[in-house]
Amino acid sequence: MPDDNNNTGCLVVIFGASGDLTKRKLVPALYHLWDNGMLPSNIAIMGVSRTKYSDDDWREELHGFSPGSYDADKWADFKERIHYQASDATKADAWGDIKDRMCALDKQHALGGNVLFYLSVSPQFFEPIINNIGTAEVVVEGRKYCSIDGTKSWQRIVVEKPFGSDPGSAAKLNRTLAGVFDEDAIYRIDHYLGKELVQNMLVLRFANAIFEPLWNQRYVDHIQITASETVDVGTRGSYYDSPSGGAMRDMVQSHLLQVLSVVAMEPPVSMDAADIRTEKIKVFKALRVPKADEVSKIAVRGQYGPGAVNGDPVVGYRDTEGVDPHSQTDTFAAMQFSVDTWRWGGVPFYLRSGKAMGAKKTEIVVYFKPTPHCLFRDKARNAKPNQIVINVQPDEGIRMRFEGKVPGSGLKMKEVVMDFDYVEQWQTEPPDGYATLLHDAIKGDQTLFKHRDEIQSAWDAVQPVLDYWAGNPQDDLPNYSAGTWGPPAADLMMQREGRYWRNG
Ligand code: BG6
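Here the residue numbers are simple positions, counted from 1 along each chain's written sequence. The model is predicted, so local features are restricted to residues of pLDDT at least 70 and side-chain atom pairs to those at 80 or more, both for listing and for counting; the totals for chains, interfaces and linings are taken over all residues. Note that water and hydrogens are dropped before the side-chain values are worked out from all heavy atoms of the structure.

1. Looking at the overall build of the chain
Here is step 1 of the chain: Put simply, DSSP H or I for four residues or longer makes a helix, DSSP E for two residues or longer makes a strand, and each gets a number counted from the N terminus. Within the chain one finds 15 helices and 18 strands.
Here is step 2 of the chain: Taken against the 2.2 N^0.38 rule, which gives 23 Å for 504 residues, the C-alpha radius of gyration of the chain at 24 Å falls within 12% of a compact globule.
Here is step 3 of the chain: Looking at the chain residue by residue over its 504 residues, the buried ones come to 54%.
Here is step 4 of the chain: In what follows, a contact means two residues having at least one pair of non-hydrogen atoms within 4.5 Å. Here the analysis covers contacts within the chain between residues at least 6 apart in sequence; of these, 76% occur between residues at least 24 apart.
Here is step 5 of the chain: Surface accessibility of the chain: about 21,800 Å² in total, with carbon and sulfur atoms responsible for 52%.
Here is step 6 of the chain: The charged-residue count follows a simple rule in which Lys and Arg add positive charge and Asp and Glu add negative charge, with His and chain termini not counted at all. We put the charge of a Lys on NZ, of an Arg on CZ, of an Asp on CG and of a Glu on CD. Considering the chain, the positive charge centre built from 56 side chains and the negative charge centre built from 68 side chains are found 6 Å apart. In this treatment the radius of gyration is a C-alpha quantity, and the globule benchmark scales as 2.2 Å times the residue count to the 0.38 power. Between buried and exposed lies partly exposed: a residue is buried under 20% and exposed over 50% of the maximum accessible area for its type, with that area taken using a 1.4 Å probe on protein chains only. Residue-level accessible areas treat just the shown protein chains as cover; the underlying method is Shrake-Rupley with a 1.4 Å probe.

What follows is the structure in structure tokens.
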């Protein structure tokens, strides 16, 4: 496949090659990019895991996992770039073999010494592997690692989540990374930033004159960000029920705060990665860190009991394999955040996410304040607040909801919707976030990756809640049935302020 750009080729080294993410997302995303001519022609993949596979075994395993994703002829060509190294990358003595194989593949595919490492392993293996990368001296920006010939090369690393499980562990991981890679070679991935409608937020806000003037505390009443999932914990019970698990850590601290930062950031001076990240960091630094005695008012934890999602029965969380029958883990978390800036002073941001809920949706809803004076107060009902709804997934699009006149005599009002539907407009499904992000990492564009300061401040903002929850077990768990919209306490948190979640 010819490349349509000036990318330099590279070896993509995936640690955790036999894992689910590699089969489900990473290799299909690389194939999709290659098929669309978006990868350099000199590219190769080297999977590393302990499982004993040959190149062909792994290729078959990848193809067999989702045969529908690959065209037979193109796969036959693409798979020649896929290789496998059976090694335990956490062990220093495995690195002789790993490095030899990297060098051999570099030569075979003429990759110029460029490497994109991808850490798709359990978080406890991050640091040993990073340290081994350092010791093996394969990070040698500016010269090749296998044959030192003066040619410039690059080595970058993509780090999956979870990025730490509290402020201290995140800082430690950042220090380990900094010992081996420069900050501009570290790509902390958050696949929510790869979602089209999250990126579209930048265009909506900064390429249009009609929205930005309203985007502040003067006109906005509050903002809701919801990521509800219909899936339950399934086979991930032992990970999810561990000290790094739970909805607050798994979704709110990571994905949803990233979405919040894009909604709340100031206009950057340019669309360069550094300028966008500078503005995002400011939002994270402005997140109010709650005090322990505020937690019960601004945060709600939930855990699902048995129920049914879309008519299918779901076992309760505590009955899931790998889960402590007395578990206090949050499978639902809702939290009110404050962004202490001039733009957002007094505007609450309500974030929530849960497993086994009534519907799968990720949406951002901007609720506007009522008009200063209500001319229509005596009509059938009060005007509803205007809303801009950004459907991140599914039904990707942006919908403006406002009051309209019902046809006929008299002045009856009803909410009407102006609808930008992504698929209808562009006649295509949005690309997968992983494809976008892998493409950016290969190109060397850090715009959609997290800076270490964002992660630290995000942990600081949720840690008091996690500490409070850890110190105050809740005896009403499970407190929502699978297939519902979470615990009643989350509704009460809103109702106390005269607000309501947008469900359905
Ligand atoms: C992952 C979480 O990061 O995101 C999962 O670990 C969650 O628990 C998933 O299911 C949700 O991603 P998406 O793209 O399906 O909304």
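2. Focus on the nonpolar core
Here is step 1 of the chain: Only buried residues count toward a nonpolar core. Its members are Ala, Val, Leu, Ile, Met, Phe, Trp, Tyr and Cys residues joined through side-chain atoms within 4.5 Å. Membership of the largest hydrophobic core comes to 149 residues, with the highest contact counts inside it found for Phe15, Met102, Leu260, Phe337 and Phe349.
Here is step 2 of the chain: At 11 residues, the largest contribution of residues to this core is made by helix α9 (residues 247–264).
Here is step 3 of the chain: Methionine 102 has contacts with Leu11, Val13, Met46, Trp95, Val115, Phe117, Val138 and Tyr145, leaving out every residue within four places of it along the chain.

3. Digging into the layout of surface pockets
Here is step 1 of the chain: One number sums up the size of the second largest pocket: a volume of about 910 Å³.
Here is step 2 of the chain: A 1.4 Å probe that fits into a set of points on a 1 Å grid over the protein atoms alone but cannot get out defines a cavity; an open set with protein on both sides within 12 Å along at least five of seven lines defines a pocket, and lining residues are those with an atom within 4 Å of a point. In terms of lining residues, the second largest pocket is bounded by 38 residues, among which Lys369, Pro370, Lys384, Pro385 and Asn386 are the most central.
Here is step 3 of the chain: Elements with a contribution of two residues or more to the lining of the second largest pocket: β7 (220–228), β14 (361–368), β15 (387–393) and β16 (397–405).
Here is step 4 of the chain: By residue number, the principal contributor to the lining of the second largest pocket is β16, which donates six residues.
Here is step 5 of the chain: Charged means Asp, Glu, Lys or Arg here, nonpolar means Ala, Val, Leu, Ile, Met, Phe, Trp, Tyr, Cys or Pro, and polar covers whatever is left, Gly included. Residue composition of the lining of the second largest pocket, grouped by class: 20 nonpolar, eight polar and 10 charged. Grid points are joined across faces, edges and corners, and a volume is the space filled by probe spheres set on the points.

4. Describing the pairing of strand β3 (residues 82–86)
Here is step 1 of the chain: Most of β3 sits out of view: four of its five residues are buried.
Here is step 2 of the chain: Paired strands are those between which DSSP finds at least two bridges. With five bridges joining them, strand β2 (residues 43–49) and β3 adopt parallel strand pairing. By the bridge assignment, glycine 47 is partnered in β3 with tyrosine 84.

5. Quick notes on the side chain of glutamine 393
Here is step 1 of the chain: Assignment of secondary structure puts glutamine 393 in strand β15.
Here is step 2 of the chain: Given a relative accessible area of 12%, glutamine 393 falls into the buried group.
Here is step 3 of the chain: Throughout this description, a polar contact denotes any pair of N or O atoms lying within 3.5 Å of each other; where both atoms belong to protein, one of them has to be capable of donating a hydrogen while the other can accept it, and for residues adjacent in sequence the pair is counted only when both atoms sit in side chains. Here lysine 195 takes part through its side chain, which lies 2.8 Å from a polar atom of the side chain of glutamine 393.
Here is step 4 of the chain: Once residues within four sequence positions are removed from consideration, glutamine 393 is found in contact with Tyr192, Lys195, Lys360, Lys361 and Thr362.

6. Some thoughts on the pattern of salt bridges
Here is step 1 of the chain: By definition here, a salt bridge exists when the distance from a side-chain nitrogen of Lys or Arg to a carboxyl oxygen of Asp or Glu is within 4 Å. What the rule picks out here adds up to 31 salt bridges.
Here is step 2 of the chain: With its nearest N and O atoms 3.2 Å apart, the salt bridge here joins aspartate 55 to arginine 101. Here aspartate 55 is found in helix α2 (residues 55–65), whereas its partner arginine 101 is found in helix α4 (residues 95–109), with 46 residues between them in sequence.
Here is step 3 of the chain: Two residues, lysine 443 and aspartate 440, come together in a salt bridge whose shortest N-O distance is 3.6 Å. In this pair, lysine 443 and aspartate 440 both sit in helix α13 (residues 433–443), three residues apart, roughly one turn of the helix.
Here is step 4 of the chain: Here lysine 443 falls in the partly exposed class, since its relative accessible area comes to 41%.
Here is step 5 of the chain: Aspartate 440 gets classed as buried once you look at its relative accessible area, which sits at 7%.
Here is step 6 of the chain: Each of the salt bridges in this network shares a partner with another, and the network as a whole consists of Glu183, Arg188, Lys285, Arg452 and Asp453.

7. Here's the deal with the pairing of β16
Here is step 1 of the chain: Looking at chain direction, β15 and β16 are connected through five bridges and run antiparallel. Within β16, the residue paired with asparagine 391 across the bridge is glycine 397.
Here is step 2 of the chain: The antiparallel hairpin formed by β15 and β16 contains three residues in its connecting segment, where aspartate 395 sits at a positive phi of about 50 degrees.
Here is step 3 of the chain: With nine bridges connecting them, β16 and strand β17 (residues 413–421) associate as antiparallel partners. In the strand pairing of β17, lysine 405 is matched with methionine 413.

8. Description of α13
Here is step 1 of the chain: Burial within α13 is extensive, with 10 of its 11 residues counted as buried.
Here is step 2 of the chain: Residues Gly433, Tyr434, Ala435, Thr436, Leu437, Leu438, His439, Asp440, Ala441 and Ile442 constitute the buried set of α13.
Here is step 3 of the chain: Here α13 starts with a cap whose side-chain oxygen sits 3.0 Å from the backbone nitrogen of tyrosine 434, and that cap is aspartate 432.

9. Points about the environment of alanine 334
Here is step 1 of the chain: For alanine 334, the position within the fold is in strand β12 (residues 332–338).
Here is step 2 of the chain: The class for alanine 334 is buried, based on a relative accessible area of 0%.
Here is step 3 of the chain: As a C-alpha pair, alanine 334 and isoleucine 298 span 36 residues in sequence and 8.1 Å in three-dimensional space.
Here is step 4 of the chain: With near-sequence residues (within four places) excluded, alanine 334 lies in contact with Ile298, Ala299, Val300, Leu351, Arg352, Ala490, Met493 and Trp501.

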